[in-house]
Amino acid sequence: MKKLKLVDEIFEMYRGKIRGTQEDLDIIAFTILEQLNREELLSMVNDMSEDELAYFIRLYIVESLKGKMNQHENSASENESIYH
């Protein structure tokens, strides 16, 4: 499976300059996304291979489910602390 050209470019740009922590990666991703408009994002998706698109969607689903599960767990623990 080939990687997005953008990922390779970002990796080269930041190699040796970041620790690779989740926080570093989030900052880089958010910074890049702020600079792209909808058409540019859709163009990137259109340029993906079928395998790359499937991987992209899988990551989206996994991360979204993690967020929902964390949100549910936090809500449940808040409810427990209210009643105990």
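Residues numbered from 1 in each chain as written. Predicted model: local features only at pLDDT ≥ 70, side-chain atom pairs only at ≥ 80, totals over all residues. Heavy atoms only, no water.

Per the secondary structure count, the protein chain includes four helices and zero strands. In the protein chain, the succession of α and β elements from N to C terminus is α-α-α-α. A compact globule built from 84 residues should have a C-alpha radius of gyration of about 12 Å, whereas the protein chain, at 17 Å, is more than 25% larger. Counting every position in the protein chain, which comprises 84 residues, the buried fraction comes to 7%. In the form shown here, the protein chain has an accessible surface area of approximately 7,600 Å², with 57% of it arising from carbon and sulfur atoms. Between the averaged position of the 10 positive side-chain charges in the protein chain and that of its 17 negative side-chain charges there is a distance of 5 Å. (Helix = DSSP H or I, 4+ residues; strand = E, 2+ residues; numbered from the N terminus. Rg over C-alpha atoms; globule rule 2.2 N^0.38 Å. Buried < 20%, exposed > 50% of the residue type's maximum accessible area, 1.4 Å probe, protein only. Areas by Shrake-Rupley, 256 points an atom, 1.4 Å probe, with all protein chains shown as cover. Lys, Arg positive; Asp, Glu negative; His and termini not counted. Charge placed at Lys NZ, Arg CZ, Asp CG, Glu CD.)

Moving on: the confidence of the model for the protein chain. Residues of the protein chain with pLDDT of at least 70 account for 90%, and the chain-wide mean is 87. Across the protein chain, element-level confidence peaks in helix α3 (residues 38-46) with a mean pLDDT of 93 and bottoms out in helix α1 (residues 5-14) with 85. (pLDDT = per-residue confidence, 0-100.)

Applying the stated rule across the entire model yields three salt bridges. Residue arginine 15 pairs with glutamate 12 through a salt bridge whose shortest N-O separation is 2.4 Å. Taking the relative accessible area as the measure of exposure, glutamate 12 reaches 46% and is therefore partly exposed. With its nearest N and O atoms 3.3 Å apart, the salt bridge here joins lysine 66 to glutamate 63. Taken together, the residues lysine 66 and glutamate 63, both in helix α4 (residues 50-83) and three residues apart, mark about one turn of the helix. (Salt bridge = Lys/Arg side-chain N within 4 Å of Asp/Glu carboxyl O.)

Once that is clear, we can look at helix α2 (residues 22-34). Relative to the 18 Å expected for 13 residues at 1.5 Å per residue, α2 spans 18 Å between its end C-alpha atoms, a close match to the ideal helical length. Where α2 is buried, its residues contact α1. (Expected span 1.5 Å × (residues − 1). Contact = heavy atoms within 4.5 Å.)

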